[in-house]
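Below are the chains, spelled out letter by letter.
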Amino acid sequence: MAFNTNDDDREQKTVVGFLIGAVVLLAIAIAVGFGMSRAGVFGKKDGAASTGSSVMAAADAASGAAAAADGAASAAGVAAQAGAASADQGAATAGQGAAVQAGADEASVKVVDGVVRFYFASGKAELAAGAKEALADAVAAAKAGKKLVLSGFHDSTGDPARNAELAKQRAFAVRDALIAEGVAEGSIDLQKPEAMPNTQGNDPEARRVEVKID
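Residues numbered from 1 in each chain as written. Predicted model: local features only at pLDDT ≥ 70, side-chain atom pairs only at ≥ 80, totals over all residues. Heavy atoms only, no water.

Caption draft 1: Geometry of the overall build of the protein. Regarding its fold elements, the protein presents four helices and six strands. Ordered by position from the N terminus, the helices and strands of the protein form the series α-β-β-α-α-β-α-β-β-β. Of all 214 residues assigned to the protein, the portion counted as buried reaches 21%. In the protein, 72% of the contacts between residues at least 6 apart in sequence involve partners at least 24 apart. (Helix = DSSP H or I, 4+ residues; strand = E, 2+ residues; numbered from the N terminus. Buried < 20%, exposed > 50% of the residue type's maximum accessible area, 1.4 Å probe, protein only. Contact = heavy atoms within 4.5 Å.)

What follows is the structure, given as structure tokens:
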């Protein structure tokens, strides 16, 4: 039996060609698959990076919101402190006003140009502390033969009779203090109390008794 070598060669070449084509296709498939795999991996990485960026942005936004809240709280605290300080200042001013008013309504005594001035609390006839010391020169002058003139003053508003009576009681209080210091009653000239014009009902000058050396 005879064999055709040419046909065998062709078959061998066909098989080799097929194998080479298969290897090439396999190589191409592997290359494509690797490329897609890399693309998927890098796509995931990019997605993760994008997600990380979103998380960081959200964290920055939350931090900004917290800072804004802190700023608002700080501003509210400053406003509250300012309000409290203003309230304290208002209370202090009111307290000072009340102290001034109380001081103006308290009994006091002072000597001005040799004249002893007694100021009385509203509606009262008690002498202020320090009366004895304030009257010392007047007492000495009276004992030396001088005359002492007592002048009382009262408010021009309100009940005239009540005002005049209160002014008289105040003048008597000063007279009694002089007598208690040894001044003879005959050395005291007690004047009729006078109404102070243009007073508003709480003027210390309208609640005074003066002692002058004549």
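Caption draft 2: Quick look at the pairing of strand E3 (residues 148–155). Across the eight residues of E3, eight count as buried, placing the element largely inside the fold. Here three bridges tie E3 to strand E4 (residues 188–190), and the two strands are oriented parallel to one another. Counterpart to Leu 148 in the pairing with E4 is Ile 188. Between E3 and its parallel partner E4, the chain crosses via helix H4 (residues 160–180), and the hand of that crossover is right-handed. For E3 and strand E6 (residues 208–213), the ladder comprises five bridges, and the chain directions are antiparallel. If you follow Leu 150 over to E6, its bridge partner there is Val 211. (Pairing = 2+ DSSP bridges. Right-handed = clockwise from strand over helix to strand, strands pointing away.)

Caption draft 3: Structural view of the packing of aromatic side chains. Inspection of every chain in the model, using the stated rule, returns zero aromatic pairs. Against the face of Phe 172 rests Arg 175, its NZ or CZ located 4.4 Å from the ring centre. Note that Arg 208 overlies the ring of Phe 153, its terminal NZ or CZ placed 3.9 Å from the centroid. (Phe/Tyr/Trp six-rings, centres within 6.5 Å; stacked < 30°, edge-to-face > 60°. Lys NZ or Arg CZ within 6 Å of the ring centre and 35° of its normal.)

Caption draft 4: A look at unusual backbone geometry. Of note in this structure, Asp 113 is not a glycine but carries a positive phi near 55°. Position of Asp 113 relative to the elements: it lies in the loop between strand E1 (108–112) and strand E2 (115–119).

Caption draft 5: Focus on the side chain of Arg 170. Topologically, Arg 170 is positioned in helix H4. Setting aside anything within four residues of it in sequence, one finds Arg 170 in contact with Phe 120, Ala 121, Ser 122, Gly 123, Lys 124, Ala 125, Ala 206, Arg 207 and Val 209.

Caption draft 6: Focus on the pattern of salt bridges. Inspection of every chain in the model, using the stated rule, returns five salt bridges. With a closest N to O distance of 3.2 Å, Asp 176 and Arg 175 form a salt bridge. Of the residues examined, Asp 176 reaches a relative accessible area of 40% and is grouped as partly exposed. Among the salt bridges present, the one from Arg 208 reaches Glu 210, with a minimum N-O distance of 2.9 Å. Looking at Glu 210, the relative accessible area reads 6%, which means it is buried. Here the residues in one salt-bridge network are Arg 117, Glu 205, Arg 208 and Glu 210, joined through shared partners. (Salt bridge = Lys/Arg side-chain N within 4 Å of Asp/Glu carboxyl O.)

Caption draft 7: Structural detail: the nonpolar core. Phe 118, Leu 135, Leu 148, Leu 178 and Val 211 are the most contacted members of the largest nonpolar core, which has 19 residues in total. Tallying contributions element by element places H4 first for this core, with four residues. (Core = buried A, V, L, I, M, F, W, Y, C linked by side-chain atoms within 4.5 Å.)

Caption draft 8: Quick peek at H4. Given a rise of 1.5 Å per residue, 21 residues ought to cover 30 Å, and the 30 Å separating the end C-alpha atoms of H4 matches this to within 8%. Three or more residues of H4 are buried, namely Asn 163, Leu 166, Ala 167, Arg 170, Ala 171, Ala 173, Val 174, Arg 175, Ala 177 and Leu 178. Looking at the buried positions of H4, the neighbouring elements they touch are E2, helix H3 (136–143), E3, E4 and E6. Two to three positions downstream of the cap, the backbone nitrogen of Ala 161 sits 3.2 Å from a side-chain oxygen, assigning the N-cap of H4 to Asp 159. Looking one or two places after H4, you find Gly 182, whose phi comes out positive at around 100°. (Expected span 1.5 Å × (residues − 1). Polar contact = N/O pair within 3.5 Å; in protein donor to acceptor, adjacent residues only side chain to side chain.)

Caption draft 9: Structural view of the environment of Lys 110. Inspection of the secondary structure assignment puts Lys 110 in strand E1. The class of Lys 110 is partly exposed, set by a relative accessible area of 42%. For the pair Lys 110 and Gly 130, spaced 20 residues apart in sequence, the C-alpha to C-alpha distance is 8.9 Å. Non-local contacts of Lys 110, meaning those with residues more than four positions away in its chain, are made with Val 115, Val 116, Arg 117 and Tyr 119.

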